[in-house]
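# Survey of secondary and tertiary structure
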Amino acid sequence: MGEGHTLGDTPEEDRSGPILVAIDFSDDSEAAASWAVKQASALRAPLCFIHVVHEPVDQPGFYRENPSDITRPMSEVAAEMLNKYIASLAYNFPRIMALKAAEAIVVRGLPPTRIVEAAEKVGASQIVMGCRGLTGMPRLMVGSQTERVLQLSPIPVTAVKAPGKNGDNQDA
Amino acid sequence: MRNLTVSPVLAWHAKQRSLIGLAVLFLVFLIWIVTTPAFAASPGGNAIDWMGMSLQLFGGLALFLFGMEQMASSLKQVAGERMKDILGRLTGNRFVGMITGAFVTAIIQSSSVTTVILVGFVATGLMSLAQAVGVIFGANIGTTITAQIVAFKVTKFALLFVTLGFGMMFAAKKNKIKQYGSLIMGLGLIFYGMAVMSVGMKPLRSFEPFIELMGSVSNPLIGIAVAAAFTALVQSSSATLGVIIALAMQGLISLEGGIAMALGANVGTCVTAGLAAIGQPREAVRVAVAHVLFNVIGVLLIVGFIPYFADLIRSVSPNYGDMSGQARLAAETPRQIANAHSIFNAIIAIGFMPFLSPFARLCERLVPDQPLEKSLVIKAKYLDPTLLETPVFALDRARFEIGRMAGLVNEMLKQSLPTVMTGTAEELEEIADMDADVDALYAEIIDYLGRVSVKELSDSETKQLMRLFEMAQRIEDIGDTIETGMVMLGLRRIADGIVISPTTLEKIMEFHAQVVHAMELTADVIKKQDGKKLKQVKGMKQDIARMAEAAARHEVSRLTADAPNRVNTYTREVEIIDYLSRIFKRCRRVAKTAMASA
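Small disclaimer: the values here were computed from a predicted structure and weren't measured. (Residues numbered from 1 in each chain as written. Chains lettered and ligands numbered in written order. Predicted model: local features only at pLDDT ≥ 70, side-chain atom pairs only at ≥ 80, totals over all residues. Heavy atoms only, no water.)

### Notes on the overall build of chain A
Helix and strand content of chain A: six helices and five strands. For chain A, the α and β elements follow one another from N to C terminus as β-α-β-α-α-β-α-β-α-α-β. Counting over 172 residues, chain A shows a buried share of 51%. The long-range fraction of contacts in chain A, counting pairs at least 24 apart against all pairs at least 6 apart in sequence, stands at 75%. (Helix = DSSP H or I, 4+ residues; strand = E, 2+ residues; numbered from the N terminus. Buried < 20%, exposed > 50% of the residue type's maximum accessible area, 1.4 Å probe, protein only. Contact = heavy atoms within 4.5 Å.)

### Structural notes on the environment of B:Ala262
Residue and element names in this part refer to chain B. Checked against the element boundaries, alanine 262 lands in helix H12 (residues 255-268). Separated by 78 residues in the primary sequence, alanine 262 and alanine 340 have C-alpha atoms spaced 8.4 Å apart. Excluding residues that lie within four positions of it along the chain, alanine 262 makes contacts with Leu241, Ile244 and His341.

### Here's the deal with the packing of H12(B) against helix H15 (residues 306-316) of chain B
Residue and element names in this part refer to chain B. Two elements in contact, H12 and H15, have axes separated by 9 Å at closest approach and are oriented at 110 degrees. Taken as axis vectors, H12 and H15 run roughly perpendicular relative to one another. Note on element contacts: H15 touches H12 through Ile306, Pro307, Phe309, Ala310, Ile313 and Arg314, opposite Leu255, Glu256, Ile259, Ala260 and Leu263. (Axes fitted to C-alpha atoms, helices over the stretch in contact; angles between N-to-C directions. Parallel < 35°, antiparallel > 145°, perpendicular 65-115°, else oblique.)

### Quick look at empty space enclosed by the protein
One pass over the full model with this rule turns up seven cavities of 30 Å³ or more. For the largest cavity, the calculated volume is near 190 Å³. Looking at the lining of the largest cavity, the elements that each hand over two or more residues are helix H2 (74-92) of chain A together with helix H5 (129-142), helix H14 (282-302) and helix H17 (356-366) of chain B. Here the residues of the lining of the largest cavity are counted per class, giving eight nonpolar, five polar and five charged. (1 Å grid on protein atoms, 1.4 Å probe; cavity = no way out; pocket = protein on both sides within 12 Å on 5 of 7 lines; lining within 4 Å. Points joined across faces, edges and corners; volume = space filled by probe spheres on them. Nonpolar A, V, L, I, M, F, W, Y, C, P; charged D, E, K, R; others polar.)

### A word on a negative patch on the surface
On the surface, B:Glu426, B:Glu427, B:Glu429, B:Glu430 and B:Asp433 cluster together into a negatively charged patch. Mapped onto the elements of the fold, B:Glu426 is located in helix H19 (residues 425-453). (Patch = residues over 30% accessible without salt bridge, like charges linked within 9 Å, V, L, I, M, F, W, Y side chains within 5 Å. Areas by Shrake-Rupley, 256 points an atom, 1.4 Å probe, with all protein chains shown as cover. Salt bridge = Lys/Arg side-chain N within 4 Å of Asp/Glu carboxyl O. Lys, Arg positive; Asp, Glu negative; His and termini not counted. Charge placed at Lys NZ, Arg CZ, Asp CG, Glu CD.)

### Structural notes on the pairing of strand S2 (residues 47-53) of chain A
Residues and elements named next belong to chain A. S2 sits mainly inside the fold: seven of its seven residues count as buried. Residues Leu47, Phe49, His51 and Val53 line one face of S2 and the alternating positions Cys48, Ile50 and Val52 line the opposite face, and both faces are buried. By the bridge criterion, four bridges tie strand S1 (residues 19-22) to S2 in an arrangement that is parallel. Bridge pairing links alanine 22 to isoleucine 50 in S2. (Pairing = 2+ DSSP bridges.)

None of the figures reported here should be taken as evidence of function without further support.
Take a look at the structure:
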């Protein structure tokens with residue numbers, strides 16, 4: 001793995017920039033990650049994974065599944081979760097080199113703005129993220145993070161839904 | 001356990017603010033009375049001893065606050081850590097969070113303290129806004145317990161509590177019993193403060209202008225504003241409730257007026273958490289905003305219905321139908337106000353629960369994130385978990401990461417000296433913050449090496465592993481030396497008002513540039529295992545020693561000069577030279593170790 005870019009770099013007008021994959025550990029983001037890995041392999045593009053530490057309002061304790069994590073900062077737990085996640089992807093796709101050199105970013109904040117900001121920082125060529133397909137009341141209450149990213153992002157955004165899901169999914 | 005304590009400085013500031021608030025109130029009250037002609041003499045000709053009354057009122061309030069402080073501090077001693085632990089653990093579910101908030105606040109007797117703890121938890125990333133909001137709702141319920149206790153007419157037992165508590169503190173040998181004694185005495189002082197305030201206000205019962213004034217406080221907006229300002233000044237909603245109930249015990253205030261003032265106390269109490277959130281990360285500011293919004297919205301929802309709410313409270317509170325007039329007010333109103341406070345806070349908290357999600361989102365919208373730079377978490381770049389199975393590669397990756405860590409520390413070192421010599425306190429804090437990244441990387445490296453160590457390793461791999469541990473440790477030490485030692489020197493320079501002379505600045509900067517160069521070379525030695533660069537680092541030993549000596553000689557010559565503050569200046573400058581020399585020594589050791597593993 002080379003030096004790669006660091007987050008402090010000035011954004012470059014670079015079409016071969018990494019594919020930024022937003023991970024929230026849901027089924028949809030898993031589908032998005034698989035899609036992005038294949039895409040990276042086809043385009044020979046580097047991969048960069050981002051997780052925004054932001055506990056869903058309806059799931060307090062999201063980062064606290066393991067009781068021993070309670071006294072650790074959430075970012076620390078999230079970083080571990082993301083590293084394990086990337087390692088398991090690398091295990092599932094052993095021949096994809098981009099995964100071995102993938103960069104992992106963990107930031108605190110509100111997901112949509114953070115994803116777009118990080119994409120700019122790493123000079124990403126596109127953003128890939130899961131799409132939950134909320135409808136009705138949950139959509140009104142929670143809103144769609146993907147939609148917000150689409151509105152804010154100056155680069156292409158690919159939204160991927162987990163297989164077997166349709167628009168009436170009520171999982172918020 | 002990390003970051004689970006409320007800063008003593010914060011606690012001291014809160015105490016100081018209460019005292020200043022109390023003093024300001026006392027002065028305003030005196031000036032108001034002296035300059036208001038209506039209070040110069042009562043219409044009936046009964047002169048009121050304003051000075052004596054003011055002393056009783058404010059002396060009573062001081063005793064009340066002192067009692068609360070004593071009780072809270074004993075409770076913290078007896079159960080404080082457990083309370084924080086409970087707060088940290090039991091907030092996985094919003095209802096459990098609310099109940100936890102109510103329970104913890106009832107124990108520590110202050111919603112402000114609960115919210116300040118929450119702000120701290122959220123700022124350090126131990127808790128999320130989603131968890132904190134439920135606890136805030138509960139804290140408002142828990143805080144009403146104080147008003148409930150003081151509304152019981154236990155003032156006649158006040159001195160019994162004081163005596164009993166003092167006896168326990170005096171006679172007990174075990175620290176825990178002493179703390180319980182202090183707690184009981186604190187409770188006694190609260191009751192005694194109430195009694196003093198209540199007796200002090202007795203003459204007002206027949207004083208027309210005051211009765212008219214209290215009539216105007218029945219206008220809810222005035223009542224809310226007065227109580228909010230009072231609470232913000234004394235930084236305690238319980239103290240405000242104490243004064244309201246003391247007024248009620250003399251029959252000086254109606255239930256409607258009391259409810260309005262209790263609502264005002266809810267709003268005023270938000271100031272403390274607001275102050276605690278200043279300068280904190282956005283997540284923590286959102287907690288303070290949630291606290292304010294929740295209380296203000298709650299008050300706005302009920303303010304138009306105070307008379308109906310008062311009727312409801314009268315119907316559920318004890319009733320003294322055999323009495324009439326002020327006597328009946330005095331008998332009924334204290335308990336009614338305490339009940340109104342509890343019921344209102346419980347209804348609002350439970351009523352808000354279904355809207356917790358949109359409420360938290362509203363807070364997030366109101367307080368957007370800071371730009372990304374400030375919230376990046378540094379991550380290991382080379383520590384690939386898939387390589388753990390092949391330790392020889394994994395060790396190599398760890399070495400790269402240690403080289404990267406050395407680069408980070410060097411960046412810190414580069415920026416540190418100019419800031420230590422001439423920078424502001426904020427700039428120094430930024431330098432100290434840079435160490436958090438180094439610490440995070442160090443933790444990841446150690447964790448990774450730990451995982452490598454359980455694999456089957458050859459002798460040479462084991463040796464290399466030990467060297468990598470040592471290198472990471474020494475580089476982390478350098479980071480800590482900058483974070484604590486050098487930054488502290490900078491802070492002391494600011495505190496002592498030391499100005500470094502241009503010639504000294506030049507000499508130390510020259511010395512510093514050499515150490516930075518050595519650190520740069522070391523990072524290269526680690527990453528590239530470059531023998532030539534190690535030679536260069538080793539060769540710098542003589543030069544560095546010479547420069548340190550020259551700088552020290554210059555210092556001694558300046559010591560005899562007639563410069564202001566020269567002893568302090570000398571001490572700081574010599575310490576800087578000493579720190580830089582130590583950093584160079586560690587650097588050299590790291591470079592040597594790095595090459596030994598080549």
